[in-house]
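This is what each chain is made of:
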Amino acid sequence: MTTSVPPSRPSREEAEEAVRVLLSWAGEDPQREGLLDTPSRVVRSYDEFFEGYQINPEELLARTFSEVEDYDEIVLLRDIRIESHCEHHMVPIIGRAHVAYLPRRRVVGISKLARVVDAYSRRFQIQERLTAQIANTINTVLEPYGTAVIIEAGHQCMTTRGVHRPGVSMVTSRMLGVFRENSDTRRELLSMLNRPALGDQFT
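Residues numbered from 1 in each chain as written. Predicted model: local features only at pLDDT ≥ 70, side-chain atom pairs only at ≥ 80, totals over all residues. Heavy atoms only, no water.

J.: Help me understand a nonpolar patch on the surface in this model?
T.: A surface patch of nonpolar side chains, amounting to about 260 Å² of accessible area, comprises Y46, F49 and M90. Tracing the backbone through its elements, the reader meets M90 in the loop between β2 (75-86) and β3 (92-102). Residue classification places M90 among the partly exposed positions, given a relative accessible area of 45%. (Patch = residues over 30% accessible without salt bridge, like charges linked within 9 Å, V, L, I, M, F, W, Y side chains within 5 Å. Areas by Shrake-Rupley, 256 points an atom, 1.4 Å probe, with all protein chains shown as cover. Salt bridge = Lys/Arg side-chain N within 4 Å of Asp/Glu carboxyl O. Helix = DSSP H or I, 4+ residues; strand = E, 2+ residues; numbered from the N terminus. Buried < 20%, exposed > 50% of the residue type's maximum accessible area, 1.4 Å probe, protein only.)

If you want it as structure tokens, here you go:
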């Protein structure tokens, strides 16, 4: 089995020049006053948009806690904001993720779950793969009884171009372990997701 080797990363100067080419392709003059600093700004924004390539999601989950007083119920972190980019058109995917697992022996800090979502979403993505990557990583590292990830998102490749359908969202899910095998556990999770949000009460 062969594995693809990612190409060497271009220099910042090469990336900025690529932005100038795109500006020219769009019909603009990259030397116009308002656009002189645009290539630099775009490259800096790419550093933030795609920082997930520099993060190992499995390492984020390395530190866990075993003192849970035999806690054996669902852990759910919902409404995690997702900011990703479509790999087909390089436009934003904006939505939210709900991440749940049923601990076997150990739990992880809840901020780490959100960071795993960020690590994968801050890459060029398709939503189906993003959903699977998050769930598979949590399931592999934490080894819980089950893992579930549900993502709801709007895709600007559909809302601002092509068929132009604003207001449409896409929903994907990945259920592993007891969430796939046990309908009662799955229903419990879905009922938790359908309850009114309480976050504002704790801020």
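J.: Explanation requested: the nonpolar core in the structure shown.
T.: Generally speaking, soluble globular proteins have nonpolar side chains that are buried together. With 30 residues, the main nonpolar core has V99, Y101, L113, I134, I138 and I151 as its most contacted residues. Secondary structure elements with two or more residues in this core: β2, β3, β4 (107-108), α4 (110-121), α5 (127-142) and β6 (146-155). Ranked by size, the runner-up nonpolar core spans 11 residues in total, among them I74, I150, F179 and M192. (Core = buried A, V, L, I, M, F, W, Y, C linked by side-chain atoms within 4.5 Å.)

J.: How do you make sense of the environment of A18 when you look at a structure like this?
T.: Tracing the sequence through the fold places A18 in helix α1 (residues 12-25). Take A18: its relative accessible area is 40%, and that puts it in the partly exposed class. Expressed as a C-alpha distance, the spacing of A18 and P39, which sit 21 residues apart in the sequence, is 8.2 Å.

J.: Help me out: how do you make sense of the pattern of salt bridges in this one?
T.: Oppositely charged side chains can form a pair if their charged atoms are brought close together. Using the criterion set out here, one finds 15 salt bridges in the structure. Between R20 and E16 there is a salt bridge, and its shortest N-O distance comes to 3.9 Å. Of this pair, R20 and E16 both sit in helix α1, four residues apart, which is roughly one turn of that helix. Residue R20 is classed as partly exposed on the basis of its relative accessible area, which comes to 25%. Relative accessible area serves as the criterion here: at 15%, E16 is assigned to the buried category. We note a salt bridge from R96 to E152, for which the minimum N-O separation is 3.5 Å. Note that R96 is positioned in strand β3 and E152 in strand β6, a separation of 56 residues in sequence. What makes E152 partly exposed here is its relative accessible area of 24%. Shared partners join several salt bridges into a network, and the residues in it are E51, R81, E83 and R122.

J.: What is the right way to read the environment of M90 from this model?
T.: The spatial distance from the C-alpha of M90 to the C-alpha of A114 is 23 Å, given a sequence separation of 24 residues. Excluding anything up to four places from it in sequence, M90 contacts Y46, H85 and F124. (Contact = heavy atoms within 4.5 Å.)

J.: What's the story with unusual backbone geometry in this structure? I'm lost.
T.: Among all residues save glycine, negative phi is the norm, and among peptide bonds the norm is trans. Residues other than glycine seldom take positive phi values, yet D79 does so here, at roughly 60 degrees. Judged by its relative accessible area of 34%, D79 falls in the partly exposed class. Phi at M90 is positive, roughly 60 degrees, even though this residue is not glycine.

J.: Honestly, the sheet that holds strand β7 (residues 170-177) in this entry has me stumped. Any pointers?
T.: Sheet architecture is open: five strands sit in the order β5-β2-β3-β6-β7, paired in mixed fashion. Since the sheet does not close on itself, it has two edges, and those belong to β5 (124-125) and β7, each with one partner. Bridge count for β3 against β6 is 10 bridges, and the pairing is antiparallel. Across the sheet, L102 pairs through a bridge with G146, a residue of β6. Each of β2, β3 and β5 touches α4; the most contacted strand, β2, lies at about 20 degrees to it. (Pairing = 2+ DSSP bridges. Axes fitted to C-alpha atoms, helices over the stretch in contact; angles between N-to-C directions.)

J.: Any chance you could explain the pairing of β2 here in plain terms?
T.: A regular strand places its side chains so that they alternate between the two faces of the sheet. Where β2 meets β3, nine bridges bridge the pair, whose relative direction is antiparallel. For V75, the partnering residue across the bridge sits in β3 and is Y101. Where β2 folds back on β3, the antiparallel hairpin that results is connected by five residues, among which M90 adopts a positive phi of roughly 60 degrees. Relative to β5, β2 runs parallel, the two sharing two bridges. When the bridges of β5 are listed, C86 appears paired with Q125.

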